[in-house]
Structures are given as structure tokens and as C-alpha cells.
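Inside the fold
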Amino acid sequence: MKVLVVGKGGREHALCWRLNQSPVVRSLYCAGGNPGINQLAKPVDILPSDIAGLVAFARSNAVDLTVVGPEDPLAAGIADEFDRHGLRIFGPSQAATRLEASKAFAKSVMRKAGLPTAGFEIFDDAGAARRYIESCKRPLVVKADGLALGKGVTVCDDTDTALAAIADAMEHQRFGAAGDRIVIEERLAGEELSFFALCDGANAIPLGCVQDHKAIYDGDRGPNTGGMGAYSPVPHYDQTFETRVMEEVVRPTLSAMAARGMPFKGVLFAGLMVDGDRINVLEFNVRFGDPECQALMMRFESDLAEALLAVAEGRAREADIKLSARSAAAVVLASGGYPGDYNKGLPITGLDQIDGAEPSDVKVQWAMNKIRVKVFHAGTAMRDGQLVTDGGRVLAVTAMANSLDRAVATAYQAADLIHFEGKQMRRDIGRRALERKVSSR
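Residues numbered from 1 in each chain as written. Predicted model: local features only at pLDDT ≥ 70, side-chain atom pairs only at ≥ 80, totals over all residues. Heavy atoms only, no water.

Here we look at the overall build of the protein chain
- Per the secondary structure count, the protein chain includes 15 helices and 21 strands.
- What you see for the protein chain is a C-alpha radius of gyration of 21 Å, in line with the 22 Å of a compact globule of 441 residues.
- Structurally, the protein chain occupies a C-alpha span of about 65 × 50 × 45 Å along its principal axes.
- Among the 441 residues that make up the protein chain, the fraction classed as buried is 58%.
- Summarising the internal contacts of the protein chain: among those between residues at least 6 apart in sequence, 69% fall at separations of at least 24.
- Roughly 18,100 Å² of accessible area belongs to the protein chain as shown, and the carbon and sulfur atoms make up 46% of that amount.
- Distance from the positive charge centre (52 side chains) to the negative charge centre (56 side chains) of the protein chain: 3 Å. (Helix = DSSP H or I, 4+ residues; strand = E, 2+ residues; numbered from the N terminus. Rg over C-alpha atoms; globule rule 2.2 N^0.38 Å. Buried < 20%, exposed > 50% of the residue type's maximum accessible area, 1.4 Å probe, protein only. Contact = heavy atoms within 4.5 Å. Areas by Shrake-Rupley, 256 points an atom, 1.4 Å probe, with all protein chains shown as cover. Lys, Arg positive; Asp, Glu negative; His and termini not counted. Charge placed at Lys NZ, Arg CZ, Asp CG, Glu CD.)

Concerning the packing of helix H1 (residues 10–19) against helix H10 (residues 292–299)
- In contact at an axis separation of 8 Å, H1 and H10 are set at 15 degrees when each is read in the N-to-C sense. Judged by the angle between their axes, H1 and H10 are roughly parallel. For the pair H1 and H10, the crossing hand works out as left-handed. Judged by residue contacts, Gly 10, Arg 11, Ala 14, Leu 15, Trp 17 and Arg 18 of H1 engage Cys 293, Gln 294, Met 297 and Met 298 from H10.
- Residues that form the contact of H1 with H10 fall into these classes: six nonpolar, two polar and two charged. (Axes fitted to C-alpha atoms, helices over the stretch in contact; angles between N-to-C directions. Parallel < 35°, antiparallel > 145°, perpendicular 65-115°, else oblique. Left-handed = near helix turned anticlockwise from the far one by under 90°. Nonpolar A, V, L, I, M, F, W, Y, C, P; charged D, E, K, R; others polar.)

With respect to the packing of helix H13 (residues 361–368) against helix H14 (residues 404–415)
- Where H13 contacts H14, the two axes come as close as 12 Å, and the packing angle between them is 165 degrees. The orientation of H13 relative to H14 falls into the category roughly antiparallel. As for the relative orientation of H13 and H14, their crossing is left-handed in sense. Residue-level contacts link Val 362, Gln 365 and Trp 366 of H13 to Thr 410, Gln 413 and Ala 414 of H14.
- Considering only residue class, the contact of H13 with H14 consists of three nonpolar, three polar and no charged.

Some thoughts on the pattern of salt bridges
- For the structure on display, the rule yields 26 salt bridges.
- Glu 318 is the salt-bridge partner of Arg 315, the closest N and O atoms lying 2.8 Å from each other.
- A salt bridge links Asp 428 to Arg 426, with the nearest nitrogen and oxygen atoms 2.8 Å apart. For the pair formed by Asp 428 and Arg 426, the shared burial category is buried.
- One continuous salt-bridge network, built from bridges that share partners, spans Asp 220, Arg 426, Asp 428, Arg 431 and Glu 435. (Salt bridge = Lys/Arg side-chain N within 4 Å of Asp/Glu carboxyl O.)

Here we look at the sheet that holds strand E2 (residues 27–32)
- Taken together, the five strands give an open sheet; going across it, the order is E3-E2-E1-E4-E5, and neighbouring strands pair in parallel fashion. Because the sheet does not close on itself, it has two edges, and the strands there are strand E3 (42–44) and strand E5 (89–90).
- Strand direction decides the pairing type here: strand E1 (residues 2–7) and strand E4 (residues 65–68), joined by four bridges, are parallel. In the sheet register, Val 5 faces E4, and the bridge partner there is Val 67.
- Contacting E1, E2 and E4, H1 crosses the sheet at an angle of about 165 degrees to E1.
- Packed onto the sheet, helix H11 (residues 304–312) meets E4 and E5 and runs at close to 95 degrees relative to E4. (Pairing = 2+ DSSP bridges.)

So, the nonpolar core
- Among the nonpolar cores identified, the biggest contains 83 residues, and Leu 99, Leu 272 and Phe 284 are the most heavily contacted of them.
- In terms of residues, this core owes the most to one element, helix H9 (residues 239–259), which gives eight residues.
- Residues contacting Phe 284, with those up to four places away along its chain left out, are Leu 99, Glu 100, Ala 106, Met 110, Leu 115, Val 249, Thr 253, Leu 268, Phe 269 and Ala 270.
- Counting residues in hydrophobic clusters, the runner-up holds 49 residues, among them Val 5, Cys 30, Phe 288 and Ala 396. (Core = buried A, V, L, I, M, F, W, Y, C linked by side-chain atoms within 4.5 Å.)

Remarks on the sheet that holds strand E7 (residues 140–144)
- Taken in spatial order, the four strands line up as E6-E9-E7-E8 in an open sheet, and their pairing is antiparallel. Two strands in the sheet have a free side with no partner beyond their single neighbour: strand E6 (120–123) and strand E8 (153–156). Going across the sheet, the axis of each strand differs from the next one's by a mean of 15 degrees, ignoring polarity.
- Of the strand pairs in this sheet, E7 and E8 are connected by four bridges, and their pairing is antiparallel. Pairing of Val 141 across the sheet is with Val 155, part of E8.

Thoughts on unusual backbone geometry
- Omega for the bond connecting Ser 232 with Pro 233 falls within 30 degrees of zero, at -5 degrees, which places this linkage in the cis form.
- Tracing the backbone shows Pro 233 in the loop between strand E14 (229–232) and H9.
- Unlike most non-glycine residues, Asp 220 shows phi in positive territory, near 60 degrees.
- By relative accessible area, Asp 220 is classed as partly exposed at 39%.

Okay, here's the thing in C-alpha cells:
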């Protein structure tokens, strides 16, 4: 197979890393790319937003499968255009992408499908939204309706925070047109999880459960980011839980989308809030998460190319999905100032101790303990032969070990070997699961 990956972040690096290991992939290309991806895939100098250019490349190079990483090309209709030209693509149609591109649309699908979700109201007018907020006597969440790079959700502890979120989205245009409409919903209590399923429009198979860490600071404090770390599997959420999510969330969603004439094909990413036995759907995404994908791809033991091709061809039931029973943890290293303004072009050092060809003490130690470590590039670039920062989230340091505590400890050990000015990271990835493990002893 010839495979084209679209995108340039840590998620796409993880996908390329796993696809590169497939025995059926003889040519791997990436449109977007970064210094990490470019070591695995042939770089294609076409922007992910240039759909016509990507179609032309796929046709002229006889690409067998295109895998779309980010949401923007999906929302722009890349899957529809590839389908029109008879090209296989892994990703939903423009219409089905509305499950992520419009939170208001997603909530309407949830309501119609009878999915458990928070009560909500939708507003196009800031004044009406403010009056609603001031009339409420309960905790709320304010969400920009459109795509906002994972930063359009504000969990509000008080009325002032909610009013500020409305002003940011609708008046200050912090998220551009994505904030012209907002969804205000009740704030749910519980534990937040990310659940993934591969869907071919009619059938779905589970891909795994991950826990993400969205806030910038330890203890889930500060503004939301695209994700500061993740781990998988999530202890306590077992096969019984997976079966419930498939029956109560995934399959009803597929049926509801099919009934609307927009069958969902690709990976369905359900953000869940779990409180005891109750499962609520917070939101949907229509692509692999970032950094959830990095943790999942570390555990993925099947042939990713064969699995994604089966889904793209409507054969999801035939897809072979096997995840390692071992634990994977990803720690994101971010630029100083992120998720606000940050500098670019800052030199990155220390990666040679982890990814370099020469043996090092830590690599020997990891090998002896059967620990796997991989650094996935997200916001990096090469300048005059030097690796430098080029984004808010720079690297995702990912480790897999026989236990979660060992995987987390190793990810932090490796993260501490990497240096760039202003580097910031959370120090509590996996905290919930590790605390639960201690309390159960």
C-alpha cells in the first residue's frame, strides 16, 4: 500500500510511526509533516488545507489510502472530494464532521438519539446568553459552537467566569467565527474520559479508553489547552464499561447519523463524564485525539494500515484491533506562555539521549526493564540544522511499561532530559488512577 497522512502534529507523528511499522505499507507520505514525521514519511509540500492539491497528489501517485489527522480539512470536505475521485480516505464526510464542528449540532444529535448528556441552551445573542447566566443558580460550562483548537470550553466556577467566557467568545471574538454561537450547559460532576471507536457508517468496533488532561496546570487548574498529557488504559474502566459505551453511546449515534443521511465513517471520539454508574456524553470529536493518539498508538499491536483500510472500505467488522495490556503515558512539553502567546524558534536539546543512535545510561535502563520510550514531535522545526520550537505544544514524551506508575515515572524521567527556554509541563499526569490505586491497597 501507498499511504498518505495529512497533518503536522504529534497525533500525525504517532500515526506515521505506527503505519511505518506495517508490513503492507511500502510508501508512506505526509502532507504537513515535522522533523519527527520526516524521518518516517516522505514529506509532501502541500498544505493540509489544499484539498485540490492533495487530491491531485493522491491520484498522480496512486495512493491507496489517505488518513486525515486534524479536524479542519475534514470540516472543509476533504473526504467528500476524495470520494468523488474514487480515492480511499479514512475520515468522515463534511456533513458528519459537524458532530465536532458544531457543538450545537452535536447536542441536537445527542438529544434525538436519547444519549445521556448535560442539559443545555444555545445562544446566538450575547445579551440573551448573559441574562440566562444571571438567572441560573448552578455551575455551568460555556462552549464556543465551532472549532477552537480544544480551547473553546470554559468550565465556570461562578457567574463572573461565565460572563467573561461569553464576552471572550461572542464579543472579543477570541475564537473567531467559532464563537458567534455558544452552547451553555450544566456542569457535570465525575471523571472525564476519552473513548474511541472505529466506524464505517453502519458498524463500529471499540479502539480504547484514554484519560486526557486538558487544563494547563496541575490539579486541573487554569485555562483549557489542546491537551497536556494522557494515559491508557484507564484502570477501573474495563470490558463491561466498554460494552456499555458502545451500546449506550456509539451505536445510537451511528443510527442517528445514518437516519439524518450523513453516515459516520472514521474514528468517533466521545468525550465522557462518568459519575458512579452514570455515563454522560460531553462532546464528540471526529478524529484521533492529541495527545490521546500518542498513548493509543504505543499500545496498538495490530496492523494499523489494514485496520484503517477496512474501515474506509466499509469493513469495520473485519478490522483486527489488538491493544497491549501494558500502560502508556504521554507528557506534553509546551512553550512558555501557552495556551496564550508564546515564542517560537527556541533551541531544543536533550533528545539525543532518548532518540539518538548512541547508547545511553537511561536507554540501557529502560531496555533492561522492558520499557519503551518515544518522543512524538508536535510544534517543532529545523532552523540551520538546529531543532527548535515552532508551536504551543512542542513534544509529547511517551512511555509504555508493565504498570501505569512505571510508565508515568519513565515519561517524566525522559521529559526532564529535554530542554528549551520556557518549557512547561504538568507534573500530575495519571494522578486520578494512581491515587485510586493507592487508596485501594
